[in-house]
Amino acid sequence: MPPKNRASSGAGAGSGSPGRPRAEDSPPRPRSTDIARLAGVSVAAVSIAVNGRPGLSDATRKRILDVANELNWRPHLAARALKGAANDVVGMVIARPARTLGVEPFFAQFLSGLQSCLSNRGIATQLLIVEDTETQVAVYRRWAAEHRVDGLVLLDLAVDDVRPQLVADLGIPAVVLGSHGKPMPLTSVWVDDHAATVSILRHLVALGHRRIGHVSGTVAYQHTRRRLRAIDDVRESTGIDVTSVATDYSDAQGASATRRLLEADPRHTAIVYDNDVMAVAGLGVATEMGIPVPGAVSVVSFDDSVLTTMAHPSLTALTRDTFALGTLTATELLRVMAERPEPRSVQAPTPQLVVRQSTAPPGQGQHTGAGGV
């Protein structure tokens, strides 16, 4: 019995791979002219309707959109870009090692909050992970030239960062996360890292700690510099001894920095970590070295997450609603995209210290391992 069509036989001349339909067997993609004909309007009216511009009655707009939805038709993105229409995409370019970024709960929660807000408007997030700032700048320039995104979120603001002014000059609506609260070319959402850091140190000082280790992130970032300045301020006012070790935020470098601090003589009686991943890694190193937490060393994380609560002992940490921080950033970006207002600074709630099992007064004679007590 002969096959019902040539595509199913896979043997017709020029049919390509067996079982694969030929191009001429596939229905043509609907065009705006088809939508206009079926809706009984002009092509210009179709463009007005799908791009959300004024000039049509509600009934006409609905009729056009109903036809477009029925045919599963959307305007070609390249054509829309040439006409200055929205792409319904927000971009984010992050210059951090992909392996490190993939295990940090902060980014997962922040992105979830960001996308949750954007999804309500039908806007997607395009995330690109690159190696350095130069590559970030090149991506911003290319996206601007191609009209690829409708807005940007900038993270990890560095000292003397060129990106805010560049993005402002390119004319891409954008919001910076992690600024210092001072005027800048773009709207910013920021957290008072200085006050948050001071709250950690005051807690440790109140417990009696005088020699404290600090495992920091990348010192080129503005938020890291603000935390280091907070440490200097508390050091000057209390006379405590604080040693900071810079890392790339990874568990491997966090563990290495912990071992260095715990092998010091005299040993540090408390260690503060700039993120939860490094704090948990540091806890593992202390356990491996036979140094009890918090009996011989207290541990504090600047970030709170399920990692800090599931650790044993559970970790004292600064807690904040990171999901809400993402939502706040998205809300500001939507406002900037819609209104193109003057840049402003929006302060997010300052993280609050949650005291758990990993901090206590310095131990006395509980351990005689590396570096003594």
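Structure first, text after, so check above.
A few points on the structure. Please read these numbers as outputs of a predicted model, since none were measured by experiment. (Residues numbered from 1 in each chain as written. Predicted model: local features only at pLDDT ≥ 70, side-chain atom pairs only at ≥ 80, totals over all residues. Heavy atoms only, no water.)

Re the overall build of the chain
Under the convention used in this document: Secondary structure follows DSSP: runs of H or I at least 4 residues long count as helices, runs of E at least 2 residues long count as strands, and numbering of each begins at the N terminus. Note on exposure labels: buried denotes an accessible area under 20% of the residue type's maximum, exposed denotes more than 50%, and partly exposed covers the range between, all computed with a 1.4 Å probe on protein chains only. The criterion used for residue contact is that any of the two residues' heavy atoms lie within 4.5 Å. Computed with the Shrake-Rupley method and a 1.4 Å probe, the accessible areas treat only the protein chains shown as cover for residues.
Broken down by element type, the chain carries 15 helices and twelve strands. Counting only residues that meet the buried cut, the chain has 47% of its 373 residues in that class. Put simply, of all contacts in the chain between residues at least 6 apart along the chain, 71% involve residues at least 24 apart. With the model as given, the accessible surface of the chain reaches about 18,200 Å², and the carbon-plus-sulfur share is 54%.

Examining the sheet that holds strand β8 (residues 270-273)
The condition that has to hold: Think of it this way: DSSP has to see at least two bridges between two strands before they count as a pair. Every axis corresponds to a line fitted to the C-alpha atoms, with the helix fit spanning only the stretch in contact, and the corresponding angles, defined between N-to-C directions, vary from 0 to 180 degrees.
The strand order across the open sheet formed by six strands is β7-β6-β8-β9-β10-β12, and the pairing between neighbours is mixed. Of all the strands in the sheet, just β7 (241-246) and β12 (352-354) have a single pairing partner and so form its edges. Sheet twist, expressed as the mean angle between neighbouring strand axes with direction ignored, is 20°. Two elements, strand β6 (residues 211-216) and β7, share six bridges in a ladder whose sense is parallel. Its bridge partner lying in β7, Arg-211 is registered against Asp-241.

So, the packing of helix α3 (residues 43-50) against helix α4 (residues 58-70)
Stated formally: Any angle from 65 to 115 degrees is called roughly perpendicular, while one under 35 is roughly parallel, one over 145 is roughly antiparallel, and all others are oblique. Classification used: nonpolar for Ala, Val, Leu, Ile, Met, Phe, Trp, Tyr, Cys and Pro, charged for Asp, Glu, Lys and Arg, polar for all others including Gly.
Following both chains from N to C, one finds α3 and α4 inclined at 90°, their axes separated by 9 Å at the closest point. As the angle between them shows, α3 and α4 are arranged roughly perpendicular. Contacts between α3 and α4 involve Ala-45, Val-46, Ile-48, Ala-49 and Val-50 on the former and, on the latter, Arg-61, Ile-64 and Leu-65. Of the residues assigned to the contact of α3 with α4, the class counts are seven nonpolar, no polar and one charged.

Here's the deal with the sheet that holds strand β11 (residues 345-347)
A sheet is described by the order of its strands in space; here six strands give the open sequence β2-β1-β3-β4-β5-β11, paired in parallel fashion. Across the chains shown, the open sheet's two edge strands, defined by having one partner strand only, are β2 (124-129) and β11. Going across the sheet, the axis of each strand differs from the next one's by a mean of 20°, ignoring polarity. In terms of strand pairing, strand β5 (residues 187-190) meets β11 through three bridges, oriented parallel. Along β11, the bridge assignment pairs Val-189 with Val-346. Contacts between helix α8 (residues 133-146) and the sheet are confined to β1 (89-94), β2 and β3 (151-154), with β1 contributing the most and set at about 160° to the helix. Against the sheet, helix α9 (residues 163-170) contacts β1, β3 and β4 (174-177), and its axis sits at roughly 175° relative to β3.

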